Amino acid sequence: DNRNLHRLELENQRLRAIVVELEENNEILVNEIETLVKENSDVREKCDNFSSKCDALYKDIDDRTREKSELVLEINDVKKKLDAETEARRQIHEEWERQNAASKAEITKLSSALKQERDKQDEENKVGDKQKLLELIEQNKKLQVLHEQCLRDKNQAERDLDGAILALNEVKRDRKEEV
């Protein structure tokens, strides 16, 4: 019985040591769990911060994409207007070229007619009718003035066209700088 008691007491001491060890391990585990819970909370907070930053970045990207789309539409509108303006100027220039060619042909025709008339007058009557000759000279002067006016108009149209092209190129450059 003594032996049994001694064995039970040893067994009891061993079990108490195990209980103490388990309690110590339990306390260590509780501390580790608390640390993990705190780390998890920190990680969640960081995750929430990153998520918030990502949302802000996505919103910024969306805003910039929308702005870019608006600028692209504006640029396309400006290009269309520029193309239309260029086409209108081209047509004006072509019309002027036609008128100028017609004026030159008329001047040439009238100059030839005048020369023929002069030659005829010289042959028919050396002295001739000075009044008719003066009228033809006056008509020739008027045609020359008309021709010079056409040249001035042509030069002015070319300067206007150059100015418009420079202005439109400047608008394009400004738009590109804004983008």
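So, how was this worked out
Here the residue numbers are simple positions, counted from 1 along each chain's written sequence. Only residues with pLDDT of 70 or above have their local features reported here, since the model is predicted, and side-chain atom pairs are shown and tallied only from 80 upward, although totals for entire chains, interfaces and linings are computed over all residues. Values shown for side chains rest on all heavy atoms present in the structure; no hydrogens or waters enter the calculation. Starting at the N terminus, helices and strands are each numbered in turn, a helix being any DSSP run of H or I of at least four residues and a strand any DSSP run of E of at least two. As a reference, a globule follows 2.2 Å times the number of residues to the power 0.38, and the radius of gyration itself is taken over C-alpha atoms. Throughout this description, buried means an accessible area under 20% of the type-specific maximum (1.4 Å probe, protein chains only), exposed means over 50%, and partly exposed covers the range between. Only heavy atoms enter the contact rule, under which two residues are in contact if any of them lie within 4.5 Å. What sets the accessible areas is the Shrake-Rupley method with a 1.4 Å probe; for residues, cover comes only from the shown protein chains. Charge assignment: positive for Lys and Arg, negative for Asp and Glu; neither His nor the chain ends contribute. For charged residues, the charge sits on one atom: NZ in Lys, CZ in Arg, CG in Asp, CD in Glu. Here, patches come from residues exposed beyond 30% relative accessible area and free of salt bridges, joined within 9 Å for like charges and within 5 Å for nonpolar side chains (Val, Leu, Ile, Met, Phe, Trp, Tyr). Each reported salt bridge corresponds to a side-chain nitrogen of Lys or Arg within 4 Å of a carboxyl oxygen of Asp or Glu. Axis geometry follows a simple rule: fit a line to the C-alpha atoms, using only the stretch in contact for helices, then measure angles between N-to-C directions, giving values from 0 to 180 degrees. Here the word oblique covers every angle except those under 35 degrees (roughly parallel), over 145 (roughly antiparallel) and from 65 to 115 (roughly perpendicular). With the far helix as reference, a near helix turned anticlockwise by less than a right angle produces a left-handed crossing, and one turned clockwise produces a right-handed crossing. Throughout this entry, Asp, Glu, Lys and Arg are counted as charged residues, while Ala, Val, Leu, Ile, Met, Phe, Trp, Tyr, Cys and Pro are counted as nonpolar. The remaining residues, Gly among them, count as polar. Between the first and last residue of a helix there are one fewer steps than residues, each counted as 1.5 Å, and that sum is the expected span.

A. Focus on the overall build of the chain. Regarding its fold elements, the chain presents two helices and zero strands. A globule of 179 residues ought to have a C-alpha radius of gyration of about 16 Å, yet the chain, at 51 Å, is considerably larger. By principal-axis analysis of the C-alpha atoms, the chain measures approximately 175 × 15 × 15 Å. Buried positions account for 8% of the 179 residues belonging to the chain. Taking the contacts inside the chain whose residues are at least 6 apart along the sequence as the reference set, 81% of them involve residues at least 24 apart. Surface exposure of the chain reaches about 15,300 Å², of which carbon and sulfur atoms provide 53%. Within the chain, one finds 35 positive and 45 negative side-chain charges whose respective centroids are separated by 8 Å.

B. Region of interest: a nonpolar patch on the surface. A cluster of nonpolar side chains, namely Leu-15, Ile-18 and Leu-22, defines an oily patch on the protein surface of about 250 Å² accessible area. Tracing the chain through its elements places Leu-22 in helix H1 (residues 2-124).

C. Expanded view of the packing of H1 against helix H2 (residues 130-178). For the pair H1 and H2, interaxial distance at closest approach is 10 Å and the crossing angle is 165°. Relative to H2, H1 is oriented roughly antiparallel. At the point where H1 passes H2, the crossing takes the left-handed sense. Residue composition of the contact of H1 with H2, by class: 17 nonpolar, nine polar and 14 charged.

D. Expanded view of H2. With 49 residues, H2 should cover 72 Å at 1.5 Å per step; its first-to-last C-alpha distance of 71 Å lies within 8% of that length. Taken residue by residue, H2 has Leu-136, Leu-143, His-147, Cys-150, Ala-164 and Leu-168 as its buried positions. Taken together, the buried residues of H2 touch H1.

E. Highlighting a negative patch on the surface. A surface patch of like charges, here negative, comprises Glu-21, Glu-23, Glu-24 and Glu-27. For Glu-21, a relative accessible area of 47% puts it in the partly exposed group.

F. Region of the structure containing H1. In this model H1 runs 175 Å from its N-terminal to its C-terminal C-alpha over 123 residues, within 8% of the 183 Å that 1.5 Å per residue would give. Turning to H1, its buried residues number three or more, namely Val-78, Leu-82, Trp-96, Asn-100, Ser-103, Ile-107, Leu-114 and Gln-121. Considering only its buried residues, H1 is in contact with H2.

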